[in-house]
Amino acid sequence: MKLIIQIPCLNEEQTLPQTVADLPRSLPGIDAVELLVIDDGSTDRTVEVARECGVQHVVRLTNNKGLAAGFQAGLDACLKLGADVVVNTDADNQYCGADVAKLVAPIVAGAADMVVGDRRVSDIDHFSGSKKRLQRLGSWVVRRVSGTQITDATSGFRAYNREAALQLLVVDNFTYTLESLIQAGKMLVAVDEVEIRTNPKTRESRLFASTGAYVRRNGPAILRIYARYEPLRAFSVAGLAVFLLAILAWLPFLIDSILNGDSTGHVQSLILGAVLFIAAIQLFALGIIGDLLASQRVMTQRVFERVRRVELVLGVEPSHYEPGSNPE
């Protein structure tokens, strides 16, 4: 059984050596452990440092594509390099490298296809209160949509077996954490979690300049993913809310007409109610259309999985791949 640990990087020459040094080189039940660095358009010596640290594989994107694109490119390369298990970790050494053993243990035992590391976010001191609350909100949304029971849905410390990795297709252009969990929950993928340790903060986040930026980016992402995977429910709830507002707008006219017999006033209320009622109908219609499109998305994902399997059989080379250090 071959394990490849992939590390998405963007200008990580300072933190990458410590991250690589902390990762295990052998594990129980694993025959070979290899490292792969995904260079997401770095302008420093990230690739050179990776080779100096003994990283065997490099996926080098020509410019910055974002975390989600880098993760998908790395996953594709790991599969084509023969990985039976893929672990994703961060280059800033946020996660304790020794906990890779805990992460892959359920997969080696055949008890899970995908394992997420639970950081116990409430215990992380450098996370602000608003960030912790949004983390809990995101995890709650993912649990509702996916049917999984993952406590820390935004954790990037994850392990996938070959079948789970083959089925995964991330279309979000910002992050992969929430969407990949929802996909796993809706597919034939057994998802589990294990508690992991985190290391002291080494640098500021590259994804979010501040807590406010975190809220602005992740908040809409949560809503967008929910609407993508549960469109009928999402638009029906929105349509119902707008319909209730239309009823409230009509109330002055209805009360005056019923109690006083005067149906000549409150023209503004009638117009506002009519506009809101039309908007409610449109939202219900969008939910139906979105539900139909969701079925098409599932079929597209299944086609993508089969294309991947064909590429593996044909021996198609990984995209943007470069060899890392020469094995001793």
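A few points on the structure. (Residues numbered from 1 in each chain as written. Predicted model: local features only at pLDDT ≥ 70, side-chain atom pairs only at ≥ 80, totals over all residues. Heavy atoms only, no water.)

### Comments concerning the environment of Glu-34
(1) Moving on: Positionally, Glu-34 belongs in strand S2 (residues 32–40).
(2) Moving on: Taking the C-alpha atoms as reference points, Glu-34 and Asp-172, 138 residues apart in sequence, are found 28 Å from one another.
(3) Moving on: Once you skip the residues sitting within four places of it in the chain, Glu-34 turns out to touch Lys-2, Leu-3, Ile-4, Ile-5, Gln-56 and His-57.
(4) Moving on: Among the polar contacts listed, one links the side chain of Glu-34 to the side chain of Lys-2, at a separation of 3.3 Å. (Helix = DSSP H or I, 4+ residues; strand = E, 2+ residues; numbered from the N terminus. Contact = heavy atoms within 4.5 Å. Polar contact = N/O pair within 3.5 Å; in protein donor to acceptor, adjacent residues only side chain to side chain.)

### Notes on the layout of surface pockets
(1) Moving on: Estimates place the volume of the second largest pocket at around 250 Å³.
(2) Moving on: Contributing to the lining of the second largest pocket are Gln-167, Gln-183, Lys-186, Met-187, Leu-188, Tyr-229, Arg-297, Val-298, Gln-301, Arg-302, Glu-305 and Arg-306.
(3) Moving on: When contributions to the lining of the second largest pocket are tallied by element, the ones reaching two or more residues are helix H7 (177–186) and helix H10 (267–314).
(4) Moving on: Of the residues contributing to the lining of the second largest pocket, the split by class is 4 nonpolar, 3 polar and 5 charged. (1 Å grid on protein atoms, 1.4 Å probe; cavity = no way out; pocket = protein on both sides within 12 Å on 5 of 7 lines; lining within 4 Å. Points joined across faces, edges and corners; volume = space filled by probe spheres on them. Nonpolar A, V, L, I, M, F, W, Y, C, P; charged D, E, K, R; others polar.)

### Remarks on the environment of Arg-120
(1) Moving on: Structurally, the position occupied by Arg-120 is in the loop between strand S5 (114–118) and helix H5 (129–146).
(2) Moving on: Sequence separation between Arg-120 and Val-307 is 187 residues; the distance between their C-alpha atoms is 37 Å.
(3) Moving on: Discounting residues that sit within four places of it in the chain, Arg-120 has contacts with Glu-195, Ile-196 and Arg-197.
(4) Moving on: There is a polar contact of 3.2 Å between the side chain of Arg-120 and the backbone oxygen of Ile-196.

Structural measurements only, silent on function.
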